[in-house]
Amino acid sequence: MQWTANRPFVPTHLAGRFDRLRLRRHALRYAALGWAVTPGACLTGHRFACGRPGCPIMACHPALESWEDTASADPGLVSDWWRRRPYSVLLATGGKFDALEVPAALGLRVLGAARLQHSLPGAGRADALGPVAVTAAGRWMFLVRPGEPLRSELDHRLDVVRHGRGSWIPAPPSRMLEGPVRWAVPPERTQWRLPGPALVQTLMVDALGTTPAPRLTVPRQLSTTRRA
């Protein structure tokens, strides 16, 4: 085995296999908790390839054309999907949870407020701290219980998106063009508990007073229309 820059050289075919096994392991982990997953296109160079002939989509997208109908938490099916290709791991929203996607400036303030609230004593109080995923492009995704539409203060903003039924989000450790998706708050830290959407949206509205207005070009996931 060759070594370069104090790191072992791993042949390409082995690196691809390790990546596939790691993605499959995480997909099975999400499925074990009842979170429906679906395989996403593989990142190849500077585009995502799903394997469907003639697919024009270059950004991250589901690898299966009928992903809404086939997204599943069945371990056998999930394991089979990742048996041959290092698919991205996508989580289907609108079932077990929704995801509130916001820019980094807003996400940082909301997470800080949620952590502060979480640290305060008081039995039976509402808790806004839940799993939070972050993309390398600076998009923060707060996982909340499903079904709550966006408040009017958030609904008009171009940089705030609710992912509900019929949508999806990329999950760690999937890689986007800008870099890997990571957990700012891993699900284990909150024991996979999901906060109420109304409380998280209240923190977002409160944080808007110190958050710059959105720019005209807003990087967001292509998994949903302007509003889910």
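Scroll up to find the structure this text is about.
Attention in this report is confined to the structure presented alongside it. Being a predicted model, the structure only gives us computed values, none of them experimental.

A word on the pairing of strand β6 (residues 88-92)
Summarising burial for β6: 5 of the 5 residues are buried, a large majority. Neither face of β6 is exposed, since Ser88, Leu90 and Ala92 on one face and Val89 and Leu91 on the opposite face are all buried. Of the pairings in the sheet, the one linking strand β3 (residues 37-40) to β6 comprises 4 bridges and is antiparallel in character. By the bridge assignment, glycine 40 is partnered in β6 with serine 88. Inspection of the sheet shows β6 paired to strand β11 (residues 168-170) by 3 bridges, in the antiparallel sense. Pairing of leucine 91 across the sheet is with isoleucine 169, part of β11.

What to know about unusual backbone geometry
Note that the residue after proline 172, namely proline 173, is joined by a cis bond; omega there is 5°. Here proline 173 lies in the loop between β11 and β12 (175-176). The phi angle at glutamine 191 is positive, at roughly 55°, despite the residue not being glycine. Following the sequence through the fold, glutamine 191 ends up in the loop between β14 (182-185) and α6 (197-207). We classify glutamine 191 as exposed; its relative accessible area is 69%. We note that tryptophan 192 has phi near 60°; this positive angle belongs to a residue other than glycine. Tracing the backbone shows tryptophan 192 in the loop between β14 and α6. On the basis of relative accessibility, which here comes to 18%, the residue tryptophan 192 falls in the buried class.

As for the sheet that holds strand β9 (residues 139-144)
Taken in spatial order, the 5 strands of this open sheet run β10-β7-β9-β8-β14, and their pairing is antiparallel. Of all strands in the sheet, those with a lone pairing partner are β10 (161-163) and β14, marking the two edges. Each strand axis lies, on average, 30° off the axis of its neighbour in the sheet, ignoring direction.

Rules of the game
Residues numbered from 1 in each chain as written. Predicted model: local features only at pLDDT ≥ 70, side-chain atom pairs only at ≥ 80, totals over all residues. Heavy atoms only, no water. Buried < 20%, exposed > 50% of the residue type's maximum accessible area, 1.4 Å probe, protein only. Helix = DSSP H or I, 4+ residues; strand = E, 2+ residues; numbered from the N terminus. Pairing = 2+ DSSP bridges. Axes fitted to C-alpha atoms, helices over the stretch in contact; angles between N-to-C directions.

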